[in-house]
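This is what each chain is made of:
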Amino acid sequence: SSDGFVKMWLGFIPGEKNNVAKAECEIDASIEECCAWDYLSTSRSRLNKFYRGNGIQREVKVKNSRCRTVRSVYDLTGLSSIMQRELVTKVVWKRSASGNKMTTAYASVNGNDFPPNDKFVRMVGGTLIYFERLSSIFDIPRTKLVFYSQVSLGGNIPIKFVNSRARGFLSHVSVMRSRFS
């Protein structure tokens, strides 16, 4: 990671479909602020990051205050010979009974909200973000964040693009940490 406060790990075996990634850090913000920032992917700053990156289109269908379905379309390489990728995920967040832990889970879904589109290759994956309340320091709340993700990009993608996009994907943790610094 270019952010010295975030530890990142990537796992990819050429020829395998799945990429595995993990990142963790401590954030100077409350557990509620961190989870809300992650869950609300349609804020102006989050959408700007999505479109400045390799995002092409994002649609959200809210199910209730704790669940939504998100469709994102990505141009992974900028090459017309490689089809754009589509990821449809159900996003759910939950708080522990003690209130000291929160989890946001993203899981691929195939449903009526966003039927498959032949213009895109459908990615499959899941992400789990675990938030844990830490002791405050000088009245500044702190949260430990652990981010796990596994994704299959679908089709054959050159390894250099996979590696560059994986690091960009994990930068979500660095962006969140810097948001609250």
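Position numbers for residues count from 1 along each chain, tracking the sequence in the order it is written. Under the rules for a predicted model, residues below a pLDDT of 70 receive no local features and side-chain atom pairs below 80 are neither given nor counted, while totals for whole chains, interfaces and linings still include all residues. Remark: hydrogens and water are excluded; side-chain values derive from all non-hydrogen atoms of the structure.

1. What to know about the packing of aromatic side chains
To be explicit about the condition: Within 6.5 Å between ring centres, the rings of Phe, Tyr and Trp (the latter by its six-membered ring) count as paired, and their orientation is classed by plane angle as stacked under 30 degrees, edge-to-face over 60, tilted in between. The numbering of helices and of strands both runs from the N terminus, where a helix is a DSSP run of H or I of at least 4 residues and a strand a run of E of at least 2. As a reminder, the over-ring test applies to NZ of lysine and CZ of arginine, requiring each to be within 6 Å of the ring centre and within 35 degrees of the ring normal.
Under the criterion given, the structure shown has 2 aromatic pairs. With 4.9 Å between their ring centres and 75° between their planes, F50 and Y51 make a pair best called edge-to-face. Plain terms: the ring middles of F50 and Y74 are 5.4 Å apart, the flat faces sit at 70° to each other, and that makes the pair edge-to-face. Of this pair, F50 sits in helix 2 (residues 44-52) while Y74 sits in strand 4 (residues 67-74), and the two are 24 residues apart along the sequence. Members of the aromatic cluster, joined through ring pairs, are F50, Y51 and Y74. Over the aromatic face of F180 sits the side chain of R179, whose NZ or CZ is 5.3 Å from the ring centroid.

2. Some thoughts on the pairing of strand 4
Applicable threshold: For every residue, the accessible area (1.4 Å probe, protein chains only) is compared with the maximum for its type, and the residue is labelled buried under 20%, exposed over 50%, or partly exposed between those bounds. Only strands joined by at least two bridges in the DSSP assignment are considered to pair.
Most of strand 4 sits out of view: 8 of its 8 residues are buried. Taking every second residue as pointing to the same face, both faces of strand 4 are buried, with C67, T69, R71 and V73 on one and R68, V70, S72 and Y74 on the other. Both strand 3 (residues 55-64) and strand 4 contribute to a ladder of 8 bridges, which runs antiparallel. When the sheet's bridge partners are listed, K61 is paired in strand 4 with T69. Counted between consecutive antiparallel strands, the loop separating strand 3 from strand 4 contains 2 residues. As paired elements, strand 4 and strand 5 (residues 85-95) share 8 bridges and run antiparallel to each other. When the bridges of strand 5 are listed, R68 appears paired with V91.

3. Observations concerning the environment of I27
Put simply, the rule reads: Two residues qualify as a contact provided that any one of their heavy atoms is within 4.5 Å of a heavy atom in the partner residue.
Structurally, the position occupied by I27 is in strand 2 (residues 18-27). Assessed through its relative accessible area of 0%, I27 is described here as buried. Not counting the four nearest positions on each side in its chain, I27 is found in contact with C34, P141, R142, T143, L145, M176, R177 and F180.

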